[in-house]
Amino acid sequence: MKNKKILSWVLGGIGLLVLPFILQYFGNAWVRIADLALLYVMLALGLNIVVGYAGLLDLGYVAFYAVGAYMFALMASPHLAETFEGFAAMFPDGLHTSIWLVIPLGMLIAACAGVLLGLPVLRLRGDYLAIVTLGFGEIIRIFVNNLDQPVNITNGPKGIGQIDSVKVFGFDLAKRHEFFGFDVASVTMYYYLFLVLVLFTVLICYRLQDSRIGRAWMAIREDEIAAKAMGINVRNMKLLAFGMGASFGGVSGAMFAAFQGFVSPESFSLMESVMIVAMVVLGGLGHIPGVILGAVLLSALPEALRYVAGPLQEMTGGRLDASILRQLLIALAMIVIMLMRPRGLWPTPERAKNLDHVS
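Source: prediction; values computed, not measured.

Visitor: A description of the overall build of the protein should follow, citing residues and the corresponding values.
Guide: In terms of helices and strands, the protein carries 16 helices and 4 strands. Its C-alpha atoms give the protein a radius of gyration of 21 Å, within 12% of the compact-globule value 21 Å for 359 residues. Expressed as lengths along the three principal axes of its C-alpha atoms, the size of the protein is roughly 65 × 55 × 45 Å. Burial status across the protein gives 47% buried among its 359 residues. Sequence-distant contacts, at least 24 apart, represent 73% of the contacts inside the protein between residues at least 6 apart.

This is how it looks when you write it as structure tokens:
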């Protein structure tokens, strides 16, 4: 049994390593979809700490994604040097921050934003908490959209471009490279970087889940009053959940900015928050493999449905817009999944048992 488990892990690892080369055969667009899916996995795992472990419904999680993205955009583009004369005098070529500083700094800034969100909502639960966090997400989006006057910091709706690519040990991931006779595209290089970050995130989530902190979060999720009576500092645990979850969102946002080379407020809409919450809920609340499955499916499903929406649009003589039809198909797929699997596609075994016992 143990040998079979090790073999499955080895085969899974080999599959992840060769996946971009298989997708590259069908076109770099498919590798790009895999890259974005890995970013969504990081986002979903971060939100799972807040929603799945601590039971705090956060509908404004995309705000931390935006914080990380704009942090990297300002630190790795000529925007500040072009806008402020004093800054240009000190850094005439602009800041070109190393990834080794970007990742911890993105985690720190996003974690601070998470704690700032957590402080005023400590006494809120359920629907009220969801409404406040939703408002926080929209405030951040509107804030970056309008922060081009009177001082141009975020460049408003025009966004920030010319963002540096990631450089690791002298390798520029935005360029093609050749290893052992294999031509490796830029999107494939980013795939491996994102894969390493996802594996690191999964390791941290498993360690948190089995720790005293993780058990305290789950106790708060099940019964906050009982958790407080048992001596758990509910206030600090909630703030820690907001901060830890937000930190992963900050790293994902920084990697998104480097990958795209451009950020604008349109990338951080309410729909993004809803989709990330749906990934966690549809995959299986609190279950790491389920959350990963939900993130991969919901990030890849819109792209796969392009091949369905196009023919359906032709069948209706072009009367239906393909993008709207694709959103309709996504919504129908989500409804079908929740009707057939109300506990999620891959729920935790303990949670499934408890729900079966209750029903």
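So, next bit.
Visitor: Talk me through the packing of helix 2 (residues 28-53) against helix 11 (residues 234-260); I want residue IDs and the actual numbers.
Guide: Relative to each other, helix 2 and helix 11 sit at 165°, their axes nearing to 6 Å. Put simply, helix 2 runs roughly antiparallel to helix 11. Here the hand of the crossing between helix 2 and helix 11 comes out left-handed. Taken together, the residues of helix 11 that come into contact with helix 2 (itself represented by R32, D35, L36, L39, M42, L43, G46, I49 and V50) are A241, F242, M244, G245, F248, G249, V251, S252, M255, F256, F259 and Q260. Among the residues forming the contact of helix 2 with helix 11, the class breakdown is 14 nonpolar, 5 polar and 2 charged.

Visitor: Report on the nonpolar core, specifying residues and quantitative values.
Guide: One broad trend across soluble globular proteins is that nonpolar side chains are buried collectively. L193 and M255 are the most contacted members of the largest nonpolar core, which totals 97 residues. The dominant element in this core, judged by the number of residues it contributes, is helix 2, at 15 residues. Excluding residues that lie within four positions of it along the chain, M255 makes contacts with L39, I99, I103, L193, F194 and L197.

Visitor: I'd like a description of the pattern of salt bridges, backed by residues and values.
Guide: Using the criterion set out here, one finds 3 salt bridges in the structure. Across the pair E138 and R141 runs a salt bridge, and its minimum N-O distance is 3.0 Å. One end of the pair is E138 and the other is R141, both in helix 7 (residues 126-146) and 3 residues apart, which spans about a single turn. The salt bridge partner of R221 is E222, with a shortest N-O separation of 3.0 Å.

Visitor: Go over the state of the cysteines, please, and point to the residues and values.
Guide: Taken as a whole and assessed by the stated rule, the structure comprises 0 disulfides. Here C112 is not cross-linked by a disulfide; its sulfur's nearest cysteine counterpart is in C205, at 19 Å.

How each quantity is defined
- Residues numbered from 1 in each chain as written.
- Predicted model: local features only at pLDDT ≥ 70, side-chain atom pairs only at ≥ 80, totals over all residues.
- Heavy atoms only, no water.
- Helix = DSSP H or I, 4+ residues; strand = E, 2+ residues; numbered from the N terminus.
- Rg over C-alpha atoms; globule rule 2.2 N^0.38 Å.
- Buried < 20%, exposed > 50% of the residue type's maximum accessible area, 1.4 Å probe, protein only.
- Contact = heavy atoms within 4.5 Å.
- Axes fitted to C-alpha atoms, helices over the stretch in contact; angles between N-to-C directions.
- Parallel < 35°, antiparallel > 145°, perpendicular 65-115°, else oblique.
- Left-handed = near helix turned anticlockwise from the far one by under 90°.
- Nonpolar A, V, L, I, M, F, W, Y, C, P; charged D, E, K, R; others polar.
- Core = buried A, V, L, I, M, F, W, Y, C linked by side-chain atoms within 4.5 Å.
- Salt bridge = Lys/Arg side-chain N within 4 Å of Asp/Glu carboxyl O.
- Disulfide = S-S within 2.5 Å.

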